[in-house]
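Notes for the structure review
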Amino acid sequence: MLSRFLIIFISLAATCCLVAAPKIQEDTPVWLKLSDKTPIISLQDDWEFYWKKLIGPQDSLPEPSAKIRTGQEWKGLQLQSGEVLQVYGYATYRKVLRGLPPQPRGYQIGLESAGQAFNLIVFPSDRPQFAQVINNGRVDPERSQGSRRYAIINIRPEKVEDYTILLQVSNSNYGYGGAYYPIKIALGNEINRSFEIEGLVNLVGIGITIGVGIYCLMMWIRRREDRPALMLAITSLVALFRTLTSVPYLVNLFPDFFYSVILRLTYSSMPLGCVAYLHFLLATCRPNSHLLLMRFSSWLPIGLGVFSFLAPIAWITSLLPLYHLAILLLLVSYLLIIRASLRQKQPGLGLVMVGCLIICCGFITDILVSTFASTSLYVTPLAVMVFLILQGQLVALRAAHVYTRSEQLSQELSERNAEITFFNKNLERLIEQKTRDIRSLLDHIPQGVFSVGPQALVAPDYSHHLTGILEFDDIAKVPFTQVLLNRVLLDADRKDQITQSILASIDDDEISFELNSDHLPKEFIYQIHDRKKYLRATWSHVLNEDHKVARILVTLLDVSQEKELEEDARHNKEQMHIIQELLDVSAEVARQFFATAWPLLKENLAKLELNTFDPASVRLMFVNAHTIKGSARTLKFRALAAAIHEAEDHFSAILRGVTAQPDLIKAAWQKVFAIFQEYLDINNDKLNRRKQSASIAVSRKLLMEYYLKIVNMQAKKAIEPRQTEAFLQNLKASVTSLLFEQTAQIFGNYRDLVKKMAIDLGKDLPQFDIDVPDINMSSEARIVLDNAMIHILRNAIDHGFESAAERLKKDKPSHGLLQLTGTLRDNRLVIRLTDDGRGLAISHLRMRGLEQGYLKANSSLEEVASSIFRTGVTTARTVSELSGRGIGLDAAQAFLRNIGGDLSIELGPEHRQDRGYYPFTIILSVPCMVPNEVPAAA
């Protein structure tokens, strides 16, 4: 398992490094690719290679020995002569940049490193006397010597011209020969800027490395047994040397003699740093066994570190694969240590794992770069920075934990010493006093306090208030489950978890209680017979002299009154919402709603009491519920509408074939009735609208005027018939204005209703044209008309009108058009309502009718259209909050027919654009006065 993980990890790291170094194709001139987004490009391909020749700007050019790429060593290259090159020797690379255009910012040509020593020469091809040369060390065929890490030359062409690049490389004692970093060209000073950024990053790394090292060293000096701090300080010191060798600013200051010293530090710091981190892991994780691989992986890197200081540079650089093997062995050791730590579940392992993975990625990337498998930058300095910060945090956390624990132990020891001294002097008296104090505290503390000991038995010492909370007389040595859990309203599985958590914590370490404390409830309901108490509990542990959990201390607080206050506050908040909703509508509108909804609600409750759930009864109750819900939603009575919607779902399920559940249905409708009653009580009592609903406000001036007329008429002996008729006409007009409502006002309210529905459905506000004669209508007839119009207008807006996008495609305005006309016939108001929507889906209705059996294949269009008045029939594709259940139109028809009115439909010709859809007109016939409600004298 571990070997698979290692192979996958190394493969992924190698893939990431290779992906991070894209290969540049030079099918077109490189300067055509240079831009602000790509300011630097590598010149890798097609270099003329002259073996054992140091060619200058004005020298004649012999035949090239081969074509070569920069960014790789020349070892193994086969020349045209057949010679296969080895690592030592000297040569010249040559490349011509043709047609290099002028650039305001100019260009930079740079090289990070090549062989042991190199000269970089750049000059215009037609003017070799203007050559720019940077020497890196001493280019000598016999004995070369390196000096600097990189070279940068700035050029600024004044016209389109060719530039020649010459790179002279010599190597006499370095393990790699040739330009193993590609030469780059960039706009402006981008190459110099990239090197500066790399240098600044390395300088930051040096600061972090020094800081972490000093901090860890101080931790070790303060506490000599803190071996992980010492090992991390040594790791930081080695990492400091490794980072110093990567900073260009510092490397360029060293003379030629110190170049070999830098190389030795580079090669020795890699294995020694890995060994130091291995011992840091061993000291931190403390695995149970030291494997042979760990010992071997320690001695091999140490030997390589010593070898790097003593051996010649040529030997050191040629044995780089051995360094890589040692580092890979150390990485395997890291993983073995972490696996052992995972089994032991040691704290702080997360930081160790993250740090180990980061340093492993850095080492693997460096190995790939040094073996030319990748051309990305060395990332070890950056990885070391992050790694040292994480591991320093681990050392700091452990030191802080040890310091805190030491301070606690010191304080506890001082307190114990003081207590022991005091006990020795006043032992017997102190015991009596402590016993009295504890007993007094337990007797007077206004909380229930007790402790649970071994076998989950309640200890003898508990507070007097506890018996009042739990209503137990004597709970000493009674099982905890019998005292508390048996009366707690929790399921059996949760109770068993609580019991097992207590048993697992007692006589175990403190950490065991901390791990199991999540299973102990903070609040619960304690039931005594038919009474409930809300209890709040706190759980803590008491340790014995062995630092084991001796008992678990439980504190109970009765918060029933607090919960009742919270419930009252919630109820008051709900009432405030209801009051606001009622205030948003007028008293007359609220009166009409309650007058309409009450008979429907009462009828549903009566049928539910009879347990009648046949299809006809369920359909009737469904229609009643849908009607009340539609009116409540229109008036924005949210709590009532939500409760009716939930109760209505039971009827919908029964109509779909689901078995009725009488208890659930009754409970849902009792909730609806309670909320309805709450709305009604608040409207009548708190808003004082009861008197407004039961009486009509009449002007005192009007009454006085008619009173005086009657007195004057009685005073006269003879009264002319004309005067009497005029008086009665005026009186009739006044009474009519008080008792009846004008259709102009009624239909004016429907405009606001349409606006609210359009907003709720997210549709454009339709144009609503109304042409109705201004006549009188009784309140009873108006209530029925309101209920019917709510359903009809809702269906027209929700299902009749297409979406704005569909209407625009059909060359219609985005908003719909509603046209309502009314005429008076035989004391009936006949209303015709049309819209310019898609029309009635006759084909859909016919298909539904054939499926359900209430239509035949030869049914007429009128019969198909009239099926829209059947319960459950709808043309809606989806059910919305306002419509779509197939209840609206049949409910409206039932309301009108109950008072002697009617509701019908009239079809027009089929649409040409929408086949299967027919325009239609809804026709309502409404009596101006309900016959049963009008007095006979009228």
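Cut-offs and rules
Residues numbered from 1 in each chain as written. Predicted model: local features only at pLDDT ≥ 70, side-chain atom pairs only at ≥ 80, totals over all residues. Heavy atoms only, no water. Helix = DSSP H or I, 4+ residues; strand = E, 2+ residues; numbered from the N terminus. Buried < 20%, exposed > 50% of the residue type's maximum accessible area, 1.4 Å probe, protein only. Contact = heavy atoms within 4.5 Å. Areas by Shrake-Rupley, 256 points an atom, 1.4 Å probe, with all protein chains shown as cover. Pairing = 2+ DSSP bridges. Axes fitted to C-alpha atoms, helices over the stretch in contact; angles between N-to-C directions. Patch = residues over 30% accessible without salt bridge, like charges linked within 9 Å, V, L, I, M, F, W, Y side chains within 5 Å. Salt bridge = Lys/Arg side-chain N within 4 Å of Asp/Glu carboxyl O. Parallel < 35°, antiparallel > 145°, perpendicular 65-115°, else oblique. Nonpolar A, V, L, I, M, F, W, Y, C, P; charged D, E, K, R; others polar. Left-handed = near helix turned anticlockwise from the far one by under 90°. Phe/Tyr/Trp six-rings, centres within 6.5 Å; stacked < 30°, edge-to-face > 60°. pLDDT = per-residue confidence, 0-100. Polar contact = N/O pair within 3.5 Å; in protein donor to acceptor, adjacent residues only side chain to side chain. Expected span 1.5 Å × (residues − 1).

1. What about the overall build of the protein?
Looking only at helices and strands, the protein has 28 helices and 23 strands in total. Looking at the protein as a whole, 46% of its 938 residues are labelled buried. Within the protein, contacts between residues at least 6 apart in sequence are counted, and of these 68% link residues at least 24 apart. Split by element, the accessible area of the protein, about 49,000 Å² in all, is 56% carbon and sulfur.

2. Brief notes about the sheet that holds strand β21 (residues 902-907)
A sheet is described by the order of its strands in space; here 5 strands give the open sequence β16-β18-β19-β23-β21, paired in mixed fashion. Across the chains shown, the open sheet's two edge strands, defined by having one partner strand only, are β16 (767-771) and β21. Shown here is a sheet whose adjacent strand axes are inclined to one another by a mean of 20°, direction ignored. In the sheet, strand β19 (residues 828-835) pairs with strand β23 (residues 920-927) via 7 bridges, with the strands oriented antiparallel. Residue pairing across strands places arginine 832 opposite isoleucine 923, the latter belonging to β23. Sheet strands in contact with helix α24 (residues 779-800) are β16, β18 (817-825), β19, β21 and β23, and its direction is about 170° off that of β23.

3. Re a nonpolar patch on the surface
Residues Ile210, Ile214, Leu217, Met218 and Ile221 make up a contiguous nonpolar surface patch of roughly 440 Å² in combined accessible area. Inspection of the secondary structure assignment puts isoleucine 214 in helix α2 (residues 190-222).

4. Some details on the pairing of strand β14 (residues 549-558)
In the sheet, strand β11 (residues 448-452) pairs with β14 via 5 bridges, with the strands oriented antiparallel. The partner of glycine 448 across the bridge, within β14, is leucine 556. The pairing of strand β13 (residues 531-543) with β14 spans 9 bridges and is antiparallel. Of the residues in β14, the one forming a bridge with valine 542 is arginine 551.

5. Some words on the packing of helix α16 (residues 587-609) against α24
The interhelical angle for the contact between α16 and α24, taken along N-to-C directions, is 80°, at an axis separation of 10 Å. Classified by the angle their axes make, α16 and α24 are roughly perpendicular. Across from Arg591, Gln592, Ala595 and Thr596 in α16, the residues of α24 making contact are Ser779, Arg782, Ile783, Asp786 and Asn787. By residue class, the composition of the contact of α16 with α24 is 2 nonpolar, 4 polar and 3 charged.

6. With respect to the side chain of serine 144
Take serine 144: it is sitting in the loop between β7 (132-136) and β8 (151-155). In this view, serine 144 contacts Gln116, Ala117, Arg138, Ser170, Asn171, Ser172 and Asn173; residues no more than four positions away in its chain are not counted.

7. Describing the environment of phenylalanine 920
Relative to the elements of secondary structure, phenylalanine 920 occurs in strand β23. Residues phenylalanine 920 and leucine 833, 87 residues apart in the sequence, show an inter-C-alpha distance of 8.8 Å.

8. Focus: the packing of helix α18 (residues 638-655) against helix α19 (residues 662-686)
Orientation of α18 relative to α19, taken along the N-to-C sense of each, is 155°, at an axis distance of 9 Å. Taken together, the axes of α18 and α19 are roughly antiparallel relative to one another. You can see that α18 and α19 cross each other, and the crossing is left-handed. On α19, the residues that touch Arg638, Ala639, Leu640, Ala643, Ile644, Glu646, Ala647, His650, Phe651 and Ile654 of α18 are Leu664, Ile665, Ala668, Trp669, Lys671, Val672, Ile675, Phe676 and Tyr679. Taken together, the residues of the contact of α18 with α19 break down into 15 nonpolar, 1 polar and 3 charged.

9. Let's talk about the packing of aromatic side chains
The full count for this structure, using the stated rule, is 11 aromatic pairs. Judged by centre distance (5.3 Å) and plane angle (65°), the rings of phenylalanine 49 and tyrosine 93 are edge-to-face. Of this pair, phenylalanine 49 sits in strand β2 (residues 47-51) while tyrosine 93 is found in strand β4 (residues 89-100), placing the two residues 44 residues apart along the sequence. In this structure, phenylalanine 49 and tyrosine 93 share a single accessibility class: buried. Put simply, the rings of Trp47, Phe49, Trp51, Trp74 and Tyr93 touch in pairs and so form one group of aromatic residues.

10. With respect to the sheet that holds strand β6 (residues 117-124)
Think of a sheet as strands paired side by side through backbone hydrogen bonds, with each pair either parallel or antiparallel. The antiparallel open sheet is built from 6 strands, whose spatial order is β3-β2-β4-β9-β6-β7. A single partner strand is all that each edge strand has here, and the edge strands are β3 (66-68) and β7. Across the sheet, the axes of successive neighbouring strands diverge by a mean angle of 20°, strand direction being ignored.

11. What to know about the confidence of the model for the protein
For the protein, the average pLDDT comes to 76, and 76% of its residues sit at 70 or higher. In this model residues 1-27 is a low-confidence stretch, pLDDT under 50, and it forms 37 contacts with partners more than four residues away in sequence or in other chains.

12. Focus: the environment of histidine 911
Tracing the backbone through its elements, the reader meets histidine 911 in the loop between β21 and β22 (917-918). Of the residues examined, histidine 911 reaches a relative accessible area of 23% and is grouped as partly exposed. Each C-alpha atom of the pair histidine 911 and arginine 838 lies 8.1 Å from the other, and the pair is 73 residues apart in sequence.

13. Focus: the pattern of salt bridges
Here the structure, examined in full by the defined rule, presents 18 salt bridges. Salt-bridge contacts for arginine 193 lead to glutamate 190; the nearest nitrogen and oxygen are separated by 3.7 Å. Placement of the pair is arginine 193 and glutamate 190 together in helix α2, with a separation of 3 residues, close to one helical turn. With a relative accessible area of 17%, glutamate 190 lands in the buried category. Bridged by salt links that share partners, the residues Glu802, Arg807, Lys810, Lys812 and Asp836 form one connected network.

14. Details of the environment of aspartate 46
Within the secondary structure layout, aspartate 46 lies in the loop between β1 (40-43) and β2. On a C-alpha basis, the gap between aspartate 46 and valine 96 in space is 9.8 Å, while along the polypeptide they are 50 residues apart. In contact with aspartate 46, not counting residues within four places along its chain, are Lys67, Ile68 and Lys95.

15. Topic: the side chain of arginine 807
You can see arginine 807 is positioned in helix α25 (residues 804-809). Residue class for arginine 807 comes out buried when judged on its relative accessible area of 0%. A distance of 2.7 Å separates a polar atom in the side chain of arginine 807 from a polar atom in the side chain of aspartate 836. Ignoring sequence-local partners within four residues, the contact set of arginine 807 consists of Phe801, Glu802, Lys812, Pro813, Ser814, His815, Gly816, Leu817, Asp836 and Gly837.

16. Focus: α19
For an α-helix the count is 3.6 residues per turn, leaving residues at separations of three or four pointing the same way. An ideal rise of 1.5 Å per residue puts 36 Å on 25 residues; α19 measures up with 35 Å between its terminal C-alpha atoms. After α19 finishes, the residue asparagine 688 shows a positive phi value of roughly 55°.

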